Amino acid sequence: MTENNKQLIQAIIEGIQEKKGRDIVHVDLSRIETAAAPGFVIATGASPMQVDAIADSVREYVEKKLGQRPFNYDGYQNSQWIIIDYGSVFVHVFIPEFRDRYNLEQLWADATLTTIPNLD
């Protein structure tokens, strides 16, 4: 993992924590050739409103700290699952039901998973 990716992942995590996002997991996909990106950061918000706030916080935090804007993002229409594409890292912010349903950690079970402790 490059130093830029480490800084990006750290900024994403801090942006999530800023809005009390929970159950943060970094999924390292760098050794999986078929993966859409070398890494994912997954988090949960308690409600669509919190998911929206977490995603906004990530975008603002990464731009402020690293001067980097996402290539794309989607999911704000209903804020049940918002994805933010930074090219080398995709950020997934879910409401609990959608996180359980799609279970991305299990989908990429052969990836290296790093769980970030909740702040509270």
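Rules used throughout
Residues numbered from 1 in each chain as written. Predicted model: local features only at pLDDT ≥ 70, side-chain atom pairs only at ≥ 80, totals over all residues. Heavy atoms only, no water. Helix = DSSP H or I, 4+ residues; strand = E, 2+ residues; numbered from the N terminus. Buried < 20%, exposed > 50% of the residue type's maximum accessible area, 1.4 Å probe, protein only. Polar contact = N/O pair within 3.5 Å; in protein donor to acceptor, adjacent residues only side chain to side chain. Expected span 1.5 Å × (residues − 1). Arc of directions from axis to C-beta. Contact = heavy atoms within 4.5 Å. Pairing = 2+ DSSP bridges. Axes fitted to C-alpha atoms, helices over the stretch in contact; angles between N-to-C directions. Core = buried A, V, L, I, M, F, W, Y, C linked by side-chain atoms within 4.5 Å.

(A) Representation of the environment of N78. With respect to the helices and strands, the residue N78 is situated in the loop between strand 3 (72-74) and strand 4 (81-85). For the pair N78 and D52, spaced 26 residues apart in the sequence, the C-alpha separation amounts to 8.9 Å.

(B) Inspection of the side chain of R99 at higher detail. Tracing the backbone shows R99 in helix 3 (residues 96-102). Since its relative accessible area comes to 9%, R99 is described here as buried. In terms of polar contacts, R99 uses its side chain to reach the side chain of T44, at 2.8 Å. A polar atom in the side chain of R99 sits 2.4 Å from the side chain of E105.

(C) The arrangement of helix 2 (residues 48-66) in detail. Between its first and last C-alpha, helix 2 extends 27 Å over 19 residues, near the 27 Å set by a 1.5 Å rise per residue. When helix 2 is considered as a whole, its buried residues turn out to be Q50, V51, I54, A55, S57, V58 and V62. End-on view of helix 2: buried residues confined to an arc of 160°, all on one side of the axis. Every exposed residue of helix 2 that faces more than 90 degrees away from the buried side is listed here: M49, E60 and K64. Tucked inside the fold, the buried residues of helix 2 contact helix 1 (3-18), strand 2 (39-44), strand 4 and strand 5 (89-94). Count one or two residues on from helix 2 and you reach G67, which has phi positive near 70°.

(D) Local environment of the sheet that holds strand 3. What the 6 strands build is an open sheet, ordered 3-4-5-2-1-6; its pairing is mixed. Pairing within the sheet leaves two strands with one partner each, and these edge strands are strand 3 and strand 6 (112-116). Each adjacent strand pair in this sheet contributes to an overall mean axis angle of 15°, direction not counted. Pairing analysis gives 5 bridges linking strand 1 (residues 22-28) to strand 2, with the strands arranged antiparallel.

(E) Layout of unusual backbone geometry. Despite not being glycine, K20 shows a phi value in the positive range, around 60°. Within the secondary structure, K20 sits in the loop between helix 1 and strand 1. The class for K20 is exposed, based on a relative accessible area of 62%. A positive phi angle is found at D23, which is not glycine, with a value near 55°. For D23, the position within the fold is in strand 1.

(F) A look at the nonpolar core. Core analysis: the largest hydrophobic core is formed by 36 residues, its most contacted members being I12 and V58. Listed by contribution, the elements that provide at least two residues to this core are helix 1, strand 1, strand 2, helix 2, strand 4 and strand 5. The element best represented in this core is helix 1, accounting for 6 residues. Look past the residues within four positions of I12 in its chain and what remains in contact with it is V41, V58, V62, Y86, V89 and V91.

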